[in-house]
Amino acid sequence: MIDYIKRNKLYFFNTKIVLMEEMEFEFDFILSVILTCANILFFIFFWSCVYGIETIIDGVGFEKMIVYSVTSNIITELFEIEVAQRINGSVKSGNIAYLFVKPINLKSYWLSIDLGITMVNLIRCLIPIGLMVIYSIVIKVDISCFQVILFLFSTVFSYLILWKISLAIGLISIWYNELGTIEQLKEIIVLMLSGSFVPLWFFPKWIQILSNFLPFQYIYQVPLGILIGKYTGTEIIAKIIYQIVWYVFLKIISDKMYSRACNKISVQGG
């Protein structure tokens, strides 16, 4: 463990720097907390309208749907991943060539920056998280500690899956020098097919079947479904295994793209 920390000391320090920079502007920090709370209120009003006089839809009660929606909003705040924009910006400025020749692991370097941003957003979300916990206790939502542990474990892989997708998209800019609308397209697809806004079990059957062959539902819907008890027993194990498989697959793809990007930069730079 000590050797691991020593080898990655640079990346831990980079995360700390990002954390300090993001916390520097107090007014912006306070405003972001207020906006997060306002966004959560919007989701509560939205699902209140959807459920109306109904208490259960598709096997999920109104109270659990609120927990799902609020937690999804919090995760969205935490999953502020900027690696694609960062790579694209480096390509446009020409700094990408200098980054590739530095004696560091660029993927770890980029990840450390995004983890720093995530840590700042976690602090920003402490109030909403506290309010959600109080809400769950008051209305007695049936969520066990074991569900919470599995949810947190699943969320780690959710973050890694989304980060690998963003990394692969960012690396595309090395070949085309501009991401264009690719990043926006990714955001729309994630919004629609991940269950972050509306769970996929509310969608037509053919979309649910299609989503089984894509990694997006494993970013939001799977961990959130585990949290509220939508998935149980062997289904949870299967979902987490699929998450791990998708992470490994996306890691292989992004690693190959990164290796080819290194060769391309090396050839262009002589």
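The residue numbering used here restarts from 1 in each chain and proceeds along that chain's sequence as written. Thresholds applied to this predicted model are a pLDDT of at least 70 for local features of residues and 80 or more for the giving and counting of side-chain atom pairs; totals over whole chains, interfaces and linings are not thresholded and use all residues. Processing note: side-chain calculations cover all non-hydrogen atoms of the structure and skip hydrogens and water entirely.

Peer 1: Teacher, can you tell me more about the packing of aromatic side chains here?
Peer 2: Aromatic ring pairs: the centre-centre distance and the angle between the two ring planes describe each pair. In this scheme Phe, Tyr and Trp rings, the latter by its six-membered ring, pair at centre separations within 6.5 Å, and the angle between planes marks the pair as stacked below 30 degrees, edge-to-face above 60, and tilted otherwise. All told, the structure shown has 12 aromatic pairs when counted by the stated rule. Plain terms: the ring middles of F46 and F197 are 5.3 Å apart, the flat faces sit at 40° to each other, and that makes the pair tilted. With F46 in helix α3 (residues 26-51) and F197 in the loop between α10 (182-193) and α11 (205-211), this residue pair connects regions lying 151 residues apart in the sequence. Assessed through its relative accessible area of 30%, F197 is described here as partly exposed. Ring centres of F79 and Y220 lie 5.9 Å apart, and the angle between their planes is 45°; this geometry places the pair in the tilted category. Residue F79 is located in the loop between α4 (62-78) and α5 (83-93), and its partner Y220 is located in the loop between α11 and α12 (221-228); the two are separated by 141 residues in the primary sequence. Secondary structure elements follow DSSP: runs of H or I no shorter than four residues count as helices, runs of E no shorter than two count as strands, and numbering proceeds from the N terminus. Note on classification: 1.4 Å probe, protein chains only; a residue is buried when its accessible area is under 20% of the maximum for its type, exposed when over 50%, partly exposed between these limits.

Peer 1: I'm lost on the pattern of salt bridges in this one. Help?
Peer 2: Close approach of charged atoms allows side chains of opposite charge to pair. Between Lys or Arg on one side and Asp or Glu on the other, a salt bridge is scored when a side-chain nitrogen of the former is within 4 Å of a carboxyl oxygen of the latter. Scanning the model with the defined rule gives 6 salt bridges in all. With a shortest N-O distance of 2.9 Å, D255 and K251 are connected by a salt bridge. Remark: K251 and D255 occur in helix α13 (residues 234-269); sequence separation between them is 4 residues, near one turn of the helix. Note on D255: relative accessible area 19%, which makes it buried. Each of E82, R86 and D114 takes part in one network of salt bridges that share partners.

Peer 1: Sorry if this is basic, but what is going on with the confidence of the model for the protein chain here?
Peer 2: Low pLDDT means the predicted coordinates in that region are not meant to be read closely. A residue-level look at the protein chain finds 85% of positions with pLDDT of 70 or above and a mean pLDDT of 82. When pLDDT is averaged over each element of the protein chain, α12 comes out on top at 93 and helix α1 (residues 2-7) at the bottom at 50. As a per-residue measure, pLDDT tells how confident the predictor is, with possible values from 0 to 100.

Peer 1: What's the story with the layout of surface pockets in this structure? I'm lost.
Peer 2: Empty pockets left among the atoms are what a rolling probe the size of a water molecule brings to light. For the largest pocket, the calculated volume is near 730 Å³. Taken together, 25 residues line the largest pocket, and the ones lying closest to its centre are L78, L122, F151, L152 and T155. For the lining of the largest pocket, the secondary-structure elements that each account for two or more residues are α4, α7 (106-124), α8 (126-138) and α9 (145-176). Here the lining of the largest pocket takes 7 residues from α9, the largest share from any one element. Residues of the lining of the largest pocket, tallied by class, amount to 21 nonpolar, 4 polar and no charged. Space inside the second largest pocket adds up to approximately 360 Å³. A cavity, in this analysis, means grid points on a 1 Å lattice covering only the protein atoms where a 1.4 Å probe fits yet has no way out; a pocket is instead an open set bounded by protein on both sides within 12 Å along at least five of seven lines, and a residue lines either one if it has an atom within 4 Å of a point. Taken together, 19 residues form the lining of the second largest pocket, with T76, F79, E187, V190 and Y220 sitting closest to its centre. Contributing elements (two or more residues each) for the lining of the second largest pocket: α3, α4, α9 and α10. Top element by residues in the lining of the second largest pocket is α4. It accounts for 5 residues. Grid points are joined across faces, edges and corners, and a volume is the space filled by probe spheres set on the points. Side-chain classes are defined by residue name, with Ala, Val, Leu, Ile, Met, Phe, Trp, Tyr, Cys and Pro counting as nonpolar, Asp, Glu, Lys and Arg as charged, and the others, Gly among them, as polar.

Peer 1: Whenever I open this one, the nonpolar core confuses me. Can you help?
Peer 2: Generally speaking, soluble globular proteins have nonpolar side chains that are buried together. Formed by 65 residues in total, the largest nonpolar core has its most connected members in F79, I87, I96, W110, I161, I174 and I219. Sort the elements by how many residues they give to this core and α9 lands first, with 12 residues. Between two residues, a contact is recorded if the distance between any of their heavy atoms is within 4.5 Å. If sequence neighbours within four positions are ignored, I87 has contacts with I96, W110, L167, G170, L171, S173 and I174. What we call a nonpolar core is a set of buried Ala, Val, Leu, Ile, Met, Phe, Trp, Tyr and Cys residues that are connected through their side-chain atoms within 4.5 Å.

Peer 1: How should a nonpolar patch on the surface be read in this particular structure?
Peer 2: A residue counts toward a patch only above 30% relative accessible area and without a salt bridge, and it is joined to like-charged neighbours within 9 Å or, for Val, Leu, Ile, Met, Phe, Trp and Tyr, to nonpolar neighbours within 5 Å. Only the protein chains shown count as cover for residues, with accessible areas throughout obtained via the Shrake-Rupley method and a probe of 1.4 Å. Taken together, the side chains of I30, L31, I34 and L35 make up a nonpolar region of the molecular surface, amounting to roughly 370 Å² of accessible area. Within the secondary structure layout, L31 lies in helix α3.

Peer 1: Before we go on, may I ask you to explain the packing of α5 against α7 in this structure?
Peer 2: The relative placement of two packed helices is expressed as an angle between their axes plus a distance between the axes. Angles shown run from 0 to 180 degrees and are taken between the N-to-C directions of axes, each axis being a line fitted to C-alpha atoms and, for helices, limited to the stretch in contact. The interhelical angle for the contact between α5 and α7, taken along N-to-C directions, is 130°, at an axis separation of 10 Å. Looking at the two axes, α5 sits oblique to α7. The crossing of α5 and α7 is right-handed. For the pair formed by α5 and α7, the contact residues are V83, R86 and I87 on the first element and W110, I113, D114 and I117 on the second. Any angle that is under 35 degrees is reported as roughly parallel, and any over 145 degrees as roughly antiparallel; angles of 65 to 115 degrees are reported as roughly perpendicular and all others as oblique. In this scheme the crossing of two helices becomes right-handed for a clockwise turn of the near helix relative to the far one and left-handed for an anticlockwise turn of less than a right angle.

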